[in-house]
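Remarks on the overall topology
Read off the chains here:
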Amino acid sequence: MRLEQLEHVLRSACQIVGDSNVLVIGSQSVLGAISESRLPLEATASMEVDVAFFDDPQDRKADQVDGAIGEFSPFHEMNGYYAQGVSVSTAVLPDGWRDRLVLVESQSTQPGRGYTLEPHDCVVSKLVAGREKDHAFADALIRAKLVNPAVVAERIEMVQVHPLVLKRLRDWIAMYLPAA
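Here's what I pulled together on the structure shown here.

Rules and cut-offs
Residues numbered from 1 in each chain as written. Predicted model: local features only at pLDDT ≥ 70, side-chain atom pairs only at ≥ 80, totals over all residues. Heavy atoms only, no water. Helix = DSSP H or I, 4+ residues; strand = E, 2+ residues; numbered from the N terminus. Rg over C-alpha atoms; globule rule 2.2 N^0.38 Å. Buried < 20%, exposed > 50% of the residue type's maximum accessible area, 1.4 Å probe, protein only. Contact = heavy atoms within 4.5 Å. Areas by Shrake-Rupley, 256 points an atom, 1.4 Å probe, with all protein chains shown as cover. Lys, Arg positive; Asp, Glu negative; His and termini not counted. Charge placed at Lys NZ, Arg CZ, Asp CG, Glu CD. Phe/Tyr/Trp six-rings, centres within 6.5 Å; stacked < 30°, edge-to-face > 60°. 1 Å grid on protein atoms, 1.4 Å probe; cavity = no way out; pocket = protein on both sides within 12 Å on 5 of 7 lines; lining within 4 Å. Points joined across faces, edges and corners; volume = space filled by probe spheres on them. Salt bridge = Lys/Arg side-chain N within 4 Å of Asp/Glu carboxyl O.

1. Let's talk about the overall build of the chain
A count of helical and extended segments in the chain gives eight helices and five strands. Helices (α) and strands (β) of the chain occur, in sequence order from the N terminus, as α-β-α-β-α-α-β-β-β-α-α-α-α. At 16 Å, the chain has a C-alpha radius of gyration in line with the 16 Å of a compact globule built from 180 residues. Across its three principal directions, the C-alpha atoms of the chain cover 50 × 35 × 30 Å. For the chain, the residues scored as buried account for 49% of the 180 residues in total. Across the chain, every contact between residues at least 6 apart in sequence was considered, and the portion connecting residues at least 24 apart equals 71%. Counting only carbon and sulfur atoms, one obtains 50% of the accessible surface of the chain, whose full area is about 8800 Å². Averaging the positions of the 17 positive and the 25 negative side-chain charges in the chain gives two centres separated by 4 Å.

2. Regarding the packing of aromatic side chains
All chains considered together, the criterion is met by three aromatic pairs. Look at phenylalanine 75 and tyrosine 81: their rings are 5.8 Å apart centre to centre, the planes differ by 85°, and that puts the pair in the edge-to-face class. Like tyrosine 81, phenylalanine 75 is buried. Their ring planes at 40° and their centres at 4.8 Å tell us that tryptophan 172 and tyrosine 176 sit as a pair that is tilted. Its relative accessible area of 13% is what places tryptophan 172 among the buried residues. Judged by its relative accessible area of 23%, tyrosine 176 is partly exposed.

3. Some words on the layout of surface pockets
By volume, the largest pocket is sized at about 480 Å³. Forming the walls of the largest pocket are 23 residues, and the residues nearest its centre are Asp50, Lys126, Arg131, Lys133 and Asp134. Counting residues per element, the ones that place at least two in the lining of the largest pocket are β2 (48–52), α5 (119–129) and α6 (132–143).

4. Brief notes about α5
Across the 11 residues that make up α5, a large majority, 10, are buried. Residues of α5 that are buried include every one of Pro119, His120, Asp121, Cys122, Val123, Val124, Ser125, Lys126, Leu127 and Val128, and no others. In this structure, the buried side of α5 is in contact with α6, α7 (149–156) and α8 (163–174). Note on α5: the residue one or two positions beyond its end, glycine 130, has a positive phi of about 75°.

5. Topic: the pattern of salt bridges
Taken as a whole, this structure holds 12 salt bridges when the rule is applied. The residue aspartate 19 makes a salt bridge to lysine 61 at a minimum N-O spacing of 2.8 Å. Remark: lysine 61 occurs in helix α3 (residues 60–69) and aspartate 19 occurs in the loop between α1 (3–17) and β1 (21–24); sequence separation between them is 42 residues. Ionic pairing is found between arginine 131 and aspartate 134, a salt bridge with its closest N-O pair at 2.6 Å. The class for arginine 131 is partly exposed, based on a relative accessible area of 41%. Under the relative-accessibility criterion, aspartate 134 is labelled buried at 1%. Residues joined in a network through salt bridges with shared partners are Arg100, Glu118, Asp121 and Arg155.

Function cannot be read off these values alone, since they describe shape.
So this is what it looks like as structure tokens:
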């Protein structure tokens, strides 16, 4: 995915639900903070943008987005990418994540704007999810030196997860940290 495609999704989602603030919580949120030319293929391979809304307690806006520009919609068929409406609580994020959001706002996002996860927060969220593609995403960003493993390790300590999940996260990031 490219930034211009993310901006198209943001613009469309805002218009569909009449809410000018869209939160991007999936892997494509890295496009808000890191130039696409620097991102490894694993970071931009997804054609799905996970979008949520800060004011959507019943997930009605997320459902509207799914119906209008979601997977297999005419929007998806015409553009080759789509939005998946999700809840803000879909991703497990480190404490303080809202204070670190990255704003994506341009002529191409009007009438709205997007808030994307700070890349380290995104990586932690992906590691919590723990799928093979999530590990490949995190590994690629670390190898490309676009996220700092020490910061990821700090943020891991800021997530509210089961102790066994926390151990899995600590063990994974330990591979990238200098031996103590």
